[in-house]
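Spelled out, the chains give:
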Amino acid sequence: MHLFHRLIGTLLFLIIAIGLQAQSAIPKNVLFVGNSYTYFWNLPQTVGLLAKEKNIAMVTRQSTVGGATWGQHWRKDRGLKTIDLIEHGNFDAIVIQDFSRSAVDTPDSLLYYGQLLGDLIKQKGAQAYVYMSWAREWDPYMQKPITEKYTELAAKINARIVPVGPAWQRARELRPGFPLYDEDGSHPSPLGTYLTACVFYGVFTQQSPVGLPSRIVTTDKDGETLFLSVQSAETALFCQKVAEEIIAQFKG
C-alpha cells in the first residue's frame, strides 16, 4: 500500500510538472515584426485578447511599416526600430513576417535576412515564430512557394511555424469565396484577421482554438468599449476548426 501511495504521488507530481512546463512555454511578451499583413485590423492586439479570454497573460507589441521587407527591418530603414527592440525589449517570442511576395520574387533575400533575424532572436534567448502568410486572392499558386520557403527557413533557425496561409487555403477550399480578403485581394478583411488570430492562438498556447469567443472586445483609454472583431458564432467556429486542423498538420 505504501508503494502504491508513492506511485500515485509520483504520478501526480509528473502531471503537475508537465502542466507547469506547458504553461511556461506559452509566450508572455511577444513582438510582431512585419508590415501591413501584421497590423491590419489589429492582429497583435487581437491575439493578446484571445489569450486573455482564456486567462493567459500575454503582452503583444509590434514593429511594422506598410510593405516592409526583412532587409529594411535589419538595416533600420524607414525609421524601423526592430533590431533595437529585439536586442533590448526582453521578449520571449518574436514573430517575423516578410513582404508578401518575397517568397516568390526574392526567395534568397527572404532566407538571408530571415537567417540574420533568427540568429539574433536566438542570441537574445527568445523563440522565433515564422508567420507563414497567404497567396493573393487571384493567384492561389503563390501558396506553394510561400509554404516551402518559410518551412525551409523555420528549419534553419529552429523557429515555430504559424501556418496562416495554409489555413486560409483550407478555409477557401471548404467554402469557396469565403471573404478573408480586403477589396484589394491582398490584405486581410476583419474575418481574415480573425482566422489568422485563431491560428496564432493555437500555436502560441498549444491549445485548441475551438471555443474562442466570436466577439473580441476591449476598452480605450477612456473606458469606452471597442469591438476589434465581430463574427457570427457559426463563422467563428468554422475558423477555429480550420485553424485547429491546419495546426495539427504542421506540428513537428
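A brief report on the enclosed structure follows. (Residues numbered from 1 in each chain as written. Predicted model: local features only at pLDDT ≥ 70, side-chain atom pairs only at ≥ 80, totals over all residues. Heavy atoms only, no water.)

Here we come to the packing of helix H9 (residues 164–174) against helix H10 (residues 190–205). Two numbers describe how H9 lies on H10: the axes approach to 10 Å, and their chain directions differ by 125°. Taken together, H9 and H10 sit at an angle that is classed as oblique. Our pair here, H9 against H10, has a crossing hand that is right-handed. Residues Val164, Ala167, Trp168 and Ala171 of H9 form the contact with H10, whose participating residues are Gly192, Leu195, Thr196, Val199 and Phe200. When grouped by side-chain class, the residues that make up the contact of H9 with H10 number 7 nonpolar, 2 polar and no charged. (Axes fitted to C-alpha atoms, helices over the stretch in contact; angles between N-to-C directions. Helix = DSSP H or I, 4+ residues; strand = E, 2+ residues; numbered from the N terminus. Parallel < 35°, antiparallel > 145°, perpendicular 65-115°, else oblique. Left-handed = near helix turned anticlockwise from the far one by under 90°. Contact = heavy atoms within 4.5 Å. Nonpolar A, V, L, I, M, F, W, Y, C, P; charged D, E, K, R; others polar.)

Let us now look at helix H3 (residues 43–53). For H3, the tally of buried residues reaches 8 of 11 residues, placing the bulk of the element in the interior. Looking only at H3, the buried set comprises Leu43, Pro44, Thr46, Val47, Gly48, Leu49, Leu50 and Ala51. Following H3 by one or two positions, asparagine 55 adopts a phi angle in the positive range, close to 60°. (Buried < 20%, exposed > 50% of the residue type's maximum accessible area, 1.4 Å probe, protein only.)

If you walk through the whole model with that rule in mind, you get 13 aromatic pairs. Between the aromatic rings of phenylalanine 32 and phenylalanine 204, the centroid separation amounts to 6.4 Å while the plane-to-plane angle is 75°, which identifies the pairing as edge-to-face. Taken together, the residues span a long stretch of sequence, with phenylalanine 32 in strand E1 (residues 29–34) and phenylalanine 204 in helix H10 at a distance of 172 residues. A residue is classified by how much of its surface remains accessible, and phenylalanine 32, at 0% relative accessible area, is buried. Classification of phenylalanine 204 by relative accessible area gives buried; the value is 1%. Here phenylalanine 178 and phenylalanine 238 contribute two aromatic rings whose centre-to-centre distance is 5.0 Å and whose plane-to-plane angle is 75°, an arrangement assigned as edge-to-face. On the criterion of sequence distance, the pair formed by phenylalanine 178 in the loop between H9 and H10 and phenylalanine 238 in helix H11 (residues 233–250) is long-range, its members being 60 residues apart. Side by side, phenylalanine 178 and phenylalanine 238 carry an identical accessibility label, which is buried. Over the ring of phenylalanine 238 we find arginine 175; its NZ or CZ atom is 4.0 Å from the centre of that ring. (Phe/Tyr/Trp six-rings, centres within 6.5 Å; stacked < 30°, edge-to-face > 60°. Lys NZ or Arg CZ within 6 Å of the ring centre and 35° of its normal.)

Our next topic: the pattern of salt bridges. In this structure the tally under the stated criterion is 10 salt bridges. A salt bridge links arginine 75 to aspartate 77, with the shortest nitrogen-to-oxygen separation between them at 3.1 Å. Between lysine 76 and aspartate 84 there is a salt bridge, with its nearest N and O atoms 3.2 Å apart. Judged by relative accessible area, aspartate 84 falls into the partly exposed class, the value being 31%. One network of salt bridges, in which partners are shared, links Arg170, Glu173 and Glu245. (Salt bridge = Lys/Arg side-chain N within 4 Å of Asp/Glu carboxyl O.)

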